[in-house]
Amino acid sequence: MEETRTIGFIDRTFHLSENGTNIKQECLAGLTTFVSMAYILFVNPSVLGVAGMDKGAVFTATALSAIIGCFLMGILANYPIAIAPGLGDNAFFTYSVVLAMGIPWQKAMAGVFVASVLFTILSFLKVREIVINAIPKDLKYAIAAGIGIFISFVGLQGGGIIVSSKSSLVELGSLTVPTTWITIFGIFLIAILMVKKVPGAIFIGLVVTTLLGLLTGLVKMPDHLISMAPSLEPTFGVGIKFLPTMTDPKMWAVVLIFLLVAFFDTAGTLVGLAQEAGLMKDNKMPRIGRALMADSLSMLGGAVMGTTPTSAYVESSAGIAVGGKTGLTAIVTGTLFVLSMAFSPLLEVVTTQVTAAALIVVGVLMVSALKDIEWDKFEIALPSFLVAIGIPLTYNISYGIAFGFLTYPILMVAAGRRKEVNVVMWSMFFVFIALLYILNVLPK
């Protein structure tokens, strides 16, 4: 009886039956999302460690900010979307701000904190919600597809199938590298399971591929399974402590860039994932304000603990692909981040070669959004194409969106459809011009 009441409570809280899902399906989706994005627990400390930050403290801050973000997303917005520190933001923090601009990481973290506060205020005022709802549906489809191509590209790189080339930028990787065959095996396994319509095909593929890696010795077993989470002391509150350094004008340029990049990275990802999950209604994302608030608060919490801005994770698409439809998926992902703080050595067996296969397959699912774009109208086709192709080729969601937002108003006017371009899209036209100028023209 007690178990029945608990199941009923969970069903009502997350509207499982209403969304055509169940507890088992949501748990599998949450687990799949976690496995696909767990790499950030190791990548984030590595990147921020180059800036001089304590890797142990960053590991803990990364896990805690992901926990906060996932729980808030699940409870406030009831979306199957996970949140954690973003890869693009940590790279910008380390290589552009700390190393290129010569700003100590402590001062840079103060900039992250200020940007987080402004981010939260914009969410309260519903500015972010207004902008996202004003994006034309064709560009939303293009964003979803662009992110799909992007994560497939990330997967191909992670698996060693695609590598860099001086002459042609990219080329086929060496098939003599044993770990590359882990990814190739995973792709075929997941693809066959998908064709056979096996429930949880992506997750099953991840597990079997990991076991193959362990059996062949290509994936190493960790020395031990359990370890205590490192202390937050070296990074906790540093951004607040260094707020007086914000009198430096250069710091406000840093804040502006963090704010704009985080704004559009998260907006683009949310729209793309909502599109894939079938959550969009009348070209609008229900409860978008709550989703953005969850993102903003987790970003603020992360800045206090000592990590770069959080964002909605494209890897959530892996969980959505196996049936995740509600916030219970995000709650499960957040819970697994809690457990990961004690079992962090075990996560090392889920290598990039293992997760690469899942990302490649999920990209296929997301690219299907291209079929809904009005390709017969060039004023729609070109901006949509530039978004879809710009995201992976610039390796940056914001840049890809910028390509579309800069060409869309101009071509709509040329096509005699000026009245269909709303005020928000014109505002974004000038915002993106400013963003590209700041990032590429101003002295570094």
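Residues numbered from 1 in each chain as written. Predicted model: local features only at pLDDT ≥ 70, side-chain atom pairs only at ≥ 80, totals over all residues. Heavy atoms only, no water.

### Observations regarding the packing of aromatic side chains
Part 1: Considering all chains together, one arrives at seven aromatic pairs under this definition.
Part 2: Here the aromatic rings of F34 and F337 are separated by 5.0 Å at their centres, their planes lie at 85°, and the arrangement is edge-to-face. In this pair, F34 sits in helix α2 (residues 23–37) while F337 sits in helix α15 (residues 327–340), placing the two residues 303 residues apart along the sequence. The same class applies to F34 and to F337, which are both buried.
Part 3: Look at F42 and F59: their rings are 6.1 Å apart centre to centre, the planes differ by 50°, and that puts the pair in the tilted class. With F42 in helix α3 (residues 40–50) and F59 in helix α4 (residues 55–77), this pair connects stretches of sequence that are 17 residues apart.
Part 4: Through successive ring pairs, a cluster of aromatic residues spans F150, F153 and Y395. (Phe/Tyr/Trp six-rings, centres within 6.5 Å; stacked < 30°, edge-to-face > 60°. Helix = DSSP H or I, 4+ residues; strand = E, 2+ residues; numbered from the N terminus. Buried < 20%, exposed > 50% of the residue type's maximum accessible area, 1.4 Å probe, protein only.)

### Re the confidence of the model for the protein chain
Part 1: Taken as a whole, the protein chain shows an average pLDDT of 87; of its residues, 96% reach a score of 70 or greater.
Part 2: Highest mean pLDDT in the protein chain belongs to α15 (95); lowest belongs to helix α12 (residues 249–277) (75). (pLDDT = per-residue confidence, 0-100.)

### A look at the nonpolar core
Note that soluble globular proteins tend to have their nonpolar side chains buried in a common cluster.
Part 1: In this structure, M73 and F93 are the most contacted members of the largest nonpolar core, which totals 122 residues.
Part 2: A per-element tally of this core places α12 first, with 14 residues.
Part 3: What M73 contacts, discounting residues up to four positions off in sequence, is N78, Y79, I81, I83, L270, A291 and A294. (Core = buried A, V, L, I, M, F, W, Y, C linked by side-chain atoms within 4.5 Å. Contact = heavy atoms within 4.5 Å.)

### Focus: the packing of helix α10 (residues 201–216) against helix α16 (residues 352–367)
Part 1: The contact between α10 and α16 brings their axes to 8 Å, and the two run at 155°. Considering their axes alone, α10 and α16 lie roughly antiparallel with respect to each other. Note on packing geometry: the crossing formed by α10 with α16 is right-handed. On the side of α10, the interface is formed by I202, L206, T209 and T210, while α16 contributes V354, T355, A358 and V362.
Part 2: When the residues that make up the contact of α10 with α16 are grouped by side-chain class, the tally is five nonpolar, three polar and no charged. (Axes fitted to C-alpha atoms, helices over the stretch in contact; angles between N-to-C directions. Parallel < 35°, antiparallel > 145°, perpendicular 65-115°, else oblique. Left-handed = near helix turned anticlockwise from the far one by under 90°. Nonpolar A, V, L, I, M, F, W, Y, C, P; charged D, E, K, R; others polar.)

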